[in-house]
Amino acid sequence: MNRAASAKGQTQAGVVLPPLPDDLRRQEPHAPVVEGQPVISILARERQALDRANARQGRTVQFYDDVASKYGTR
């Protein structure tokens, strides 16, 4: 029923938003902790994971800004 209402609302509004890229829905896992590894290497991998997550967030913001510029915001 929700899907039907959503489709009806989109049809009435006349605006069909583009789908969100799949990459932007992905969650970044923490770096694995392996017993015996130096803490600094674990920290380095965790920082790389954070960098990937921050880059994905930046792409999400860019995607939203692009959609907002095309369709406007309230």
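Refer to the structure above for everything that follows.
Residues numbered from 1 in each chain as written. Predicted model: local features only at pLDDT ≥ 70, side-chain atom pairs only at ≥ 80, totals over all residues. Heavy atoms only, no water.

Asks: Quick rundown of the overall build of the protein? Include the residues and the values.
Replies: On a plain count of helices and strands, the protein comes out with 2 helices and 0 strands. Rg of the C-alpha trace for the protein: 19 Å, well past the compact-globule value of 11 Å for 74 residues, more than 25% over. In terms of principal-axis extent, the alpha carbons of the protein reach across some 60 × 30 × 15 Å. Counting the 74 residues in the protein, one finds 9% classified as buried. Taken as a whole, the protein presents about 6,500 Å² of accessible surface, with 57% of it coming from carbon and sulfur. For the protein, the distance from the average site of its 11 positive side-chain charges to the average site of its 8 negative ones is 8 Å. (Helix = DSSP H or I, 4+ residues; strand = E, 2+ residues; numbered from the N terminus. Rg over C-alpha atoms; globule rule 2.2 N^0.38 Å. Buried < 20%, exposed > 50% of the residue type's maximum accessible area, 1.4 Å probe, protein only. Areas by Shrake-Rupley, 256 points an atom, 1.4 Å probe, with all protein chains shown as cover. Lys, Arg positive; Asp, Glu negative; His and termini not counted. Charge placed at Lys NZ, Arg CZ, Asp CG, Glu CD.)

Asks: Give a detailed account of the pattern of salt bridges, specifying residues and quantitative values.
Replies: One pass over the structure, following the stated rule, counts 6 salt bridges. As a salt-bridge pair, arginine 59 and aspartate 23 come within 2.4 Å of each other at their nearest N and O atoms. Placement of the pair is arginine 59 in helix H2 (residues 39-71) and aspartate 23 in the loop between helix H1 (2-13) and H2, with a sequence separation of 36 residues. Given the relative accessible area of 28%, aspartate 23 is considered partly exposed. A salt bridge links glutamate 28 to arginine 52; the shortest N-O distance between them is 2.9 Å. Of this pair, glutamate 28 sits in the loop between H1 and H2 while arginine 52 sits in helix H2, and the two are 24 residues apart along the sequence. (Salt bridge = Lys/Arg side-chain N within 4 Å of Asp/Glu carboxyl O.)

Asks: Summarise H2; cite the residues concerned and give the values.
Replies: Between its first and last C-alpha atoms H2 spans 48 Å; for 33 residues at 1.5 Å apiece the expected length is 48 Å, and the two agree. Of the residues one or two after H2, glycine 72 is the one with positive phi, at around 80°. (Expected span 1.5 Å × (residues − 1).)

Asks: Describe in detail a nonpolar patch on the surface, supporting the description with residues and values.
Replies: On the surface, a cluster of nonpolar side chains totalling about 270 Å² of accessible area is made up of Val15, Leu17 and Tyr71. Of note, valine 15 is situated in the loop between H1 and H2. The class for valine 15 is partly exposed, based on a relative accessible area of 33%. (Patch = residues over 30% accessible without salt bridge, like charges linked within 9 Å, V, L, I, M, F, W, Y side chains within 5 Å.)

Asks: Give me the side chain of arginine 56: which residues, what numbers.
Replies: Checked against the element boundaries, arginine 56 lands in helix H2. Given the relative accessible area of 5%, arginine 56 is considered buried. With residues up to four places along the chain from it excluded, the contact list for arginine 56 reads Asp23, Leu24, Arg26, Gln27 and Glu28. (Contact = heavy atoms within 4.5 Å.)

Without other data, these values stay purely geometric and don't point to any function.
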